[in-house]
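If you want the building blocks of each chain, they are given just below.
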Amino acid sequence: MSLFDAVIVGSGPAGVAAAYELSGRNICMVDVGKSPSDTNWGSGSNFYQLRRYSERYWNEFVGSRFESFRNIDQAYVPPKLKSPLHRFITEDSAVSAAVESDTFRAIVSFAQGGLANAWGAQLYRYNETDLRQFPLEARVLEPYYDRLTDHVGISGSCDDLARFYGTEAGLLPALRLSELAAHLLRNYDRHRTFFNRHGVFLGRPRLGVLSQPYRGRPACDYGNLEFYRLLPHIYTPRITLEELIRNGRLDYRPGYFVISFEDDKSGARVVMRNIATGQVETIAGKRVLLAAGTIGSAAILLRTLGDTSLRLPIMENLPSYIPFINPGFLGKAHETAAYYTQLNVCYLPHRINSQANGDMIMGTFYGMHGLFHSEFVRDLPLPLSLNVKLLRYILPSMLVLHIWRPGHQRPDNYLTIDSKGTLHIQYTDAADSAVERHLIRVFRRAGYLSAAFLCKYPEPGASAHYAGSLPMRKTPSKKYETHPNGRLHSMKNVYVADGSVFPALPAKNLSFTIMANAMRVAAGLFQNSDRCAS
Amino acid sequence: MAQTSALDREVEHLCHALLGKEVPQSIKARYRDAHQYMFKRSCQNEAHTVEVVVQERLDAEAVEAFLRRKGTPHLLTMKMQLLIYLSELSPTYCDLFVNQTDSRFRALAAIITSSLKWPYCLIKGAYLTWRYELV
């Protein structure tokens, strides 16, 4: 059996970033690797033009099995994940890896590129405050953030959020704002002192979405098809994965489900099932790097240890949604060429309440672009035909603020595995509405209105921002904890590169830090090759 | 066949309630097709409510508005949302959904008239729900 330098498990942001760092070495990536069926439909078109021909594009907009309508009669999934052309992202995940829970609706992907195929591409650097519970310093990650910024192409600007998001060096210009979002930003500028005094800061998001052509990929065309298909102007790890494969810098092996691993002095072996044949195979490396995601990597370790009593921690960025309306925009013509992610909010509760901890809460204002209005018809309290009429006039005046709360390790929140290998998640967390009520009060000053009863609180799991199942510690003591260099404490040659190693989960989007940390772990894989890394 | 006629009667009645118009054949066909994949776990009582609303030609909108006040979406709500979706996807009705020209006064008029109709609808829905013992 040939021995690779490293075997990477998973092709999401962590796995691909690690492979990018390790290219030049003899590396193999094993993956279930479901791939999309059509990546060219609708190229150069606009959602608002195509929707007039929905009968012709039924399979793309709705699906032969009415997949896009699943939010009508089934548990909610984010809009991107229910579109037919995105079906590959979560297809068969319940079959491949059952997760049972009454309290946490896990979203898991076995696609090439992982859940990132449907991400919002929000990419933020963690600073010292974000990393205060991590056993590493922000300066250690900076070189990797810089290289990723150059590789990915990130649009953004230097504004009031720069103090939270870090240097603007290497950024492409920010995307064009909708008229409504530009109005909100202007009003924020006018009332900046008031907002900041209440702990609220507003500015542009940092997005892996191109505002201009970059490295052979086109600029955003504002066509509003983000919810329906993969688009070249939105960076996803699949783009880097395809590049590595094309350039012969990665031995990529899809069609494998990783069951467990074995580890000894000479290296480690991944035990995996060939999905097509059902045969169990192994592949060996001097190092194995788990990058299967917080739930995936945890499941692999639990299957390896075979310990049904072991409880692994798990955290989530609990989300909520606040719809805001500006009355001055009621009845305006609906803007048909705007990107849906508009503005970001950073809120510091401790600015106004000294009892609050130092955690920042983050939010993103989304414009109502690119979605069928029928999606929202139940959300207004009036009779449905009136809601249809009103949505026509209200949606152009609406921005929805998606809030992310920081996640913390709690003893009530954990993963276990049973004797049949089924993963179980127990999760207890709920948002109180204090944050939402404060933001509603503050944004009223800018002319944006909402009410607490309009806020939505999705069930745990809905954010898909999970972390912490194999947490990094300065001095690990438990067999599922990881060293600062990513090595699993109970193993000699098995490392972990994904969000499972996060010991804390700031509200700031974790994707960019997952990638930077994965590069850091990969870079250090062979530094102490004569002895077990520690 | 019996189920097909029942679904046809259902979509005709619900379309009349929602849009005040006759339902195009294409929407009828899609409505029937959707039922092969949707509403598999619907509650018997709620299915009966839908049947009664259709058979007795009740004001579906009023009943739905009243029943929607409960936490979990009622089957009637879900079926009407399906129909609204199919209407938005249909070339006949898609322009009803997206505002294409600035129309502030129409917006205000719509908000005012909707606000006035709402309590009437709720009261009517409450009465019909009580009168026909709908759940």
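On a predicted model such as this, the values are computed, not experimentally measured, just so you know.

Conventions used here
Residues numbered from 1 in each chain as written. Chains lettered and ligands numbered in written order. Predicted model: local features only at pLDDT ≥ 70, side-chain atom pairs only at ≥ 80, totals over all residues. Heavy atoms only, no water. Helix = DSSP H or I, 4+ residues; strand = E, 2+ residues; numbered from the N terminus. Rg over C-alpha atoms; globule rule 2.2 N^0.38 Å. Buried < 20%, exposed > 50% of the residue type's maximum accessible area, 1.4 Å probe, protein only. Contact = heavy atoms within 4.5 Å. Areas by Shrake-Rupley, 256 points an atom, 1.4 Å probe, with all protein chains shown as cover. Lys, Arg positive; Asp, Glu negative; His and termini not counted. Charge placed at Lys NZ, Arg CZ, Asp CG, Glu CD. Salt bridge = Lys/Arg side-chain N within 4 Å of Asp/Glu carboxyl O. Nonpolar A, V, L, I, M, F, W, Y, C, P; charged D, E, K, R; others polar. Pairing = 2+ DSSP bridges. Axes fitted to C-alpha atoms, helices over the stretch in contact; angles between N-to-C directions. Parallel < 35°, antiparallel > 145°, perpendicular 65-115°, else oblique. Left-handed = near helix turned anticlockwise from the far one by under 90°. Patch = residues over 30% accessible without salt bridge, like charges linked within 9 Å, V, L, I, M, F, W, Y side chains within 5 Å. Core = buried A, V, L, I, M, F, W, Y, C linked by side-chain atoms within 4.5 Å. pLDDT = per-residue confidence, 0-100. Arc of directions from axis to C-beta.

## What to know about the overall build of chain A
Looking only at helices and strands, one finds 16 helices and 18 strands in chain A. In terms of overall size, chain A behaves like a compact globule, its C-alpha atoms giving a radius of gyration of 23 Å where 534 residues would be expected to give roughly 24 Å. Reported as C-alpha extents along the three principal axes, the dimensions of chain A are approximately 70 × 55 × 45 Å. The buried share among the 534 residues of chain A stands at 62%. When contacts within chain A are restricted to residue pairs at least 6 apart in sequence, those whose partners lie at least 24 apart make up 74%. With the model as given, the accessible surface of chain A reaches about 19,200 Å², and the carbon-plus-sulfur share is 48%.

## Brief notes about the overall build of chain B
Counting secondary structure elements, chain B contains six helices and zero strands. Overall, chain B shows an N-to-C arrangement of helices and strands of α-α-α-α-α-α. A globule of 135 residues ought to have a C-alpha radius of gyration of about 14 Å, and chain B, at 16 Å, matches this closely. Counting only C-alpha atoms and orienting by the principal axes, one finds that chain B spans roughly 45 × 35 × 25 Å. In chain B, 17 side chains carry a positive charge and 15 a negative one; their mean positions are 2 Å apart.

## Remarks on the interface of chain A and chain B
If you look at the interface, chain A gives 39 residues, while chain B gives 44 residues. Inspection of the chain A/chain B interface yields three salt bridges. Here arginine 30 of chain B makes a salt bridge to glutamate 55 of chain A, at a shortest N to O gap of 2.9 Å. With eight residues, helix α14 (residues 384-394) of chain A is the single largest residue contributor to the side of chain A that touches chain B. When the residues that make up the side of chain A that touches chain B are grouped by side-chain class, the tally is 20 nonpolar, nine polar and ten charged.

## A closer look at the pairing of strand β14 (residues 398-404) of chain A
Two faces belong to every sheet, and in a regular strand the side chains alternate between them. All names here are of chain A. The element β14 is largely enclosed, with a buried count of seven among its seven residues. Because side chains alternate across β14, one face comprises the buried residues Met398, Val400, His402 and Trp404, and the other comprises Leu399, Leu401 and Ile403, equally buried. Judged from the seven bridges that link them, strand β11 (residues 319-325) and β14 form a sheet pairing that is antiparallel. Following the sheet pairing, isoleucine 322 is matched in β14 by leucine 401. Bridge count for strand β13 (residues 361-367) against β14 is six bridges, and the pairing is antiparallel.

## Considerations on the packing of helix α2 (residues 25-34) of chain B against helix α5 (residues 75-88) of chain B
Residue and element names in this part refer to chain B. Between α2 and α5, the least distance of the axes is 10 Å, while the angle of their chain directions is 135°. The orientation of α2 relative to α5 falls into the category oblique. Considering only the axes of α2 and α5, their crossing is right-handed. When α2 is examined against α5, the residues Ile27, Arg30, Tyr31 and Ala34 are found in contact with a partner set consisting of Lys79, Leu82, Leu83, Leu86 and Ser87. Here the residues of the contact of α2 with α5 sort into six nonpolar, one polar and two charged.

## Let's talk about the sheet that holds strand β3 (residues 99-100) of chain A
Each strand in a sheet pairs with another by means of backbone hydrogen bonds, the pair being arranged parallel or else antiparallel. The strand order across the open sheet formed by four strands is β3-β16-β15-β9 (chain A), and the pairing between neighbours is mixed. The sheet terminates laterally at β3 and β9 (312-313) of chain A, the two strands that pair on one side only.

## Some remarks on unusual backbone geometry
All names here are of chain A. Unlike most non-glycine residues, alanine 121 shows phi in positive territory, near 60°. You can see alanine 121 is positioned in the loop between β3 and α8 (138-152). Judged by its relative accessible area of 2%, alanine 121 is buried. A positive phi angle, near 55°, is found at tyrosine 222, a position not held by glycine. The class for tyrosine 222 is buried, based on a relative accessible area of 11%.

## Some words on a nonpolar patch on the surface
There is a patch of nonpolar side chains on the surface, built from Phe105, Leu108, Ile112 and Leu116 of chain B and spanning about 490 Å² of accessible area. Mapped onto the elements, leucine 116 of chain B comes out in helix α6 (residues 104-131).

## What about the pattern of salt bridges?
Residues and elements named next belong to chain A. A full pass over the atoms with the stated rule returns 33 salt bridges over all chains. Note that aspartate 150 is salt-bridged to arginine 215, the shortest N-O span being 2.5 Å. Taken together, the residues span a long stretch of sequence, with aspartate 150 in helix α8 and arginine 215 in the loop between β4 (200-203) and α12 (237-246) at a distance of 65 residues. Salt bridges linked by common partners bring Asp5, Arg25 and Lys286 together as one network.

## Notes on the sheet that holds β11 of chain A
Residues and elements named next belong to chain A. Sheet architecture is open: five strands sit in the order β4-β12-β13-β14-β11, paired in antiparallel fashion. Of all strands in the sheet, those with a lone pairing partner are β4 and β11, marking the two edges. This sheet shows a mean twist of 25° between the axes of neighbouring strands, independent of strand direction.

## Thoughts on α14 of chain A
Among the eleven residues that make up α14 of chain A, ten are buried, leaving the element largely enclosed by the rest of the structure. Of all the positions in α14 of chain A, only Leu384, Ser385, Leu386, Asn387, Val388, Leu390, Leu391, Arg392, Tyr393 and Ile394 of chain A are classed as buried.

## Considering the packing of helix α1 (residues 13-22) of chain A against α12 of chain A
Residues and elements named next belong to chain A. At a minimum axis distance of 9 Å, the contact between α1 and α12 shows a crossing angle of 35°. Seen along the crossing, α1 lies across α12 with a hand that is left-handed. Facing α1, whose interface residues are Pro13, Val16, Ala19 and Tyr20, α12 presents Pro237, Thr240, Leu241 and Leu244. Looking at the contact of α1 with α12, its residues break down into seven nonpolar, one polar and no charged.

## Some remarks on the nonpolar core
Core analysis: the largest hydrophobic core is formed by 223 residues, its most contacted members being Phe61, Phe69, Phe365, Leu439 and Phe443 of chain A. Counting residues per element, this core draws most heavily on α5 of chain B, at nine residues. Leave out the neighbours within four places in its chain, and phenylalanine 365 of chain A touches Leu184, Leu202, Phe324, Tyr340, Thr341, Gln342, Leu343, Val345, Leu399, Val400, Leu401 and Phe443 of chain A.

## As for the confidence of the model for chain A
For chain A, per-residue confidence averages 93 on the pLDDT scale, and 97% of positions sit at 70 or higher. Confidence drops under pLDDT 50 across residues 529-534 of chain A; counting only partners more than four residues distant or on other chains, this segment forms eight contacts.

## Some details on the environment of tyrosine 366 of chain A
Residues and elements named next belong to chain A. Along the chain, tyrosine 366 falls in strand β13. With a relative accessible area of 17%, tyrosine 366 lands in the buried category. In this structure, the C-alpha to C-alpha distance between tyrosine 366 and leucine 401, residues 35 residues apart in sequence, is 6.3 Å. Apart from residues no more than four positions distant in its own chain, tyrosine 366 is found in contact with Gln122, Tyr340, Thr341, Met398, Leu399, Val400, His402 and Trp404.

## Quick word on α12 of chain A
Every α-helical turn comprises 3.6 residues, leaving residues that sit three or four positions apart pointing alike. Residues and elements named next belong to chain A. Along α12, the positions that sit buried rather than exposed are Pro237, Arg238, Thr240, Leu241 and Leu244. Along the axis of α12, the buried positions cluster into a sector of 160°, meaning they face one direction only. Contacts made by the buried residues of α12 are with α1, β2 (27-30), α8 and β5 (251-253). Count one or two residues on from α12 and you reach glycine 248, which has phi positive near 70°.

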